[in-house]
Amino acid sequence: MGLELAARRRIVVLTGAGISVASGLPTYRGVGGLWTTSPELASQAAAAPARDDPTTTWRNFASLRRAVQAAEPNAAHLALAELERSLPTDATLTIITQNVDGLHARAGSRRVLELHGSLLRSRCSDVACSLEPFEDLRDASEAPPCPRCGAPLRPDLVLFDEPLPARAEWESKRALRECDLFVAVGTSGTVSPAANFVRAAAYVGAYTLLINREPAPDDAGFDEQRIGLAEALLPALLRAHA
């Protein structure tokens, strides 16, 4: 059946760092990615260093937090928000994002599942503390104390070796079980857990599409691949198939 948006009732869109490049934010892997250009940040983006030295973790992520706050949604984010608004009442669009920049919500998307947390929130570094993650836009170079227990705060991110947020993971799996169209944007979809998403969608009969600057391997499981910039390809594609 192909893309055919008018016939779709359960759309799932997986987004990665590539969708936010046009907003001035870097990717993570590969040439020019954060883990390549900022090895100290990569070494701090793991559970053990964050647990043992939350103050350094806060300090190392401070510049990225500022960049995220200064960024604006681009044409790709806005196109997805507009698509959601245009859907009939019996249809849904769920965005599962690996990004931590909050740009989907700022663009107007309502059903957004943040698999890796958000740099616009903070939480307590003490796992025994009951403080819930909260919006935190302050520009602090040092980790503020937790208002509940006094331990240093940390960005509300899922770092290496940490589990995904239980609710976001559960709702992602439910959306994938019900979807009839799966679109991956700005991500190869080949890194776990996202690597399983396209296969899960294909298993239930969904049409699967990749929009990315680089192709995925032939065995990745996509029915169709569109190679190019998300901010150019996605709005044009959605207009053509509205």
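To be clear, the structure that these remarks concern was listed above.
First, a word on scope: everything that follows refers to the structure included in this document.

The rules behind each value
Residues numbered from 1 in each chain as written. Predicted model: local features only at pLDDT ≥ 70, side-chain atom pairs only at ≥ 80, totals over all residues. Heavy atoms only, no water. Core = buried A, V, L, I, M, F, W, Y, C linked by side-chain atoms within 4.5 Å. Buried < 20%, exposed > 50% of the residue type's maximum accessible area, 1.4 Å probe, protein only. Helix = DSSP H or I, 4+ residues; strand = E, 2+ residues; numbered from the N terminus. Contact = heavy atoms within 4.5 Å. Expected span 1.5 Å × (residues − 1). Arc of directions from axis to C-beta. Pairing = 2+ DSSP bridges. Axes fitted to C-alpha atoms, helices over the stretch in contact; angles between N-to-C directions.

1. Considering the nonpolar core
Buried together is how nonpolar side chains tend to be arranged in soluble globular proteins.
Part 1 of the argument: Residues Val13 and Val185 are the most contacted members of the largest nonpolar core, which totals 23 residues.
Part 2 of the argument: Listing elements by their share of this core, those giving two or more residues are β1 (10–15), α5 (75–86), β2 (92–97), β7 (181–185), β8 (207–212) and α9 (230–240).
Part 3 of the argument: If near-sequence neighbours (up to four positions away) are discounted, Val185 is found in contact with Val13, Leu14, Thr15, Gly16, Ile19, Ile211, Ala230 and Leu234.
Part 4 of the argument: With 22 residues, the next largest nonpolar core counts Ala168, Ala184, Ala194 and Leu210 among its residues.

2. Description of helix α7 (residues 166–178)
Part 1 of the argument: Its 13 residues give α7 an end-to-end C-alpha distance of 19 Å, which sits within 8% of 18 Å, the value for a rise of 1.5 Å per residue.
Part 2 of the argument: Taken as a whole, α7 has its buried residues at Ala168, Glu171, Ser172, Ala175 and Leu176. One side of α7 holds all its buried residues, which, seen down the axis, span an arc of 140°. Opposite the buried face of α7, by more than 90 degrees, sit the exposed residues Ala166, Arg167, Trp170 and Arg177.
Part 3 of the argument: For α7, the secondary structure elements touched by its buried residues are β1, β2, β3 (112–114), β7 and α8 (195–203).

3. Examining the sheet that holds strand β6 (residues 153–157)
Part 1 of the argument: The three strands lie next to each other as β5-β4-β6, forming an open sheet whose pairing is antiparallel. What marks the edges here is a single partner per strand, and that holds for β5 (134–135) and β6.
Part 2 of the argument: Bridge count between strand β4 (residues 117–124) and β6: five bridges; the pairing is antiparallel. Each bridged residue has a counterpart across the sheet, and for Gly117 the counterpart in β6 is Leu157.
Part 3 of the argument: Along the sheet, helix α4 (residues 54–70) makes contact with β4 and β6, crossing β4 at roughly 150°.

4. So, the side chain of Ser109
Part 1 of the argument: Relative to the elements of secondary structure, Ser109 occurs in the loop between α6 (103–107) and β3.
Part 2 of the argument: With a relative accessible area of 6%, Ser109 lands in the buried category.
Part 3 of the argument: Apart from the residues lying within four places of it in its own chain, the contact partners of Ser109 are Leu80, Ala81, Glu84, Ile95 and His104.

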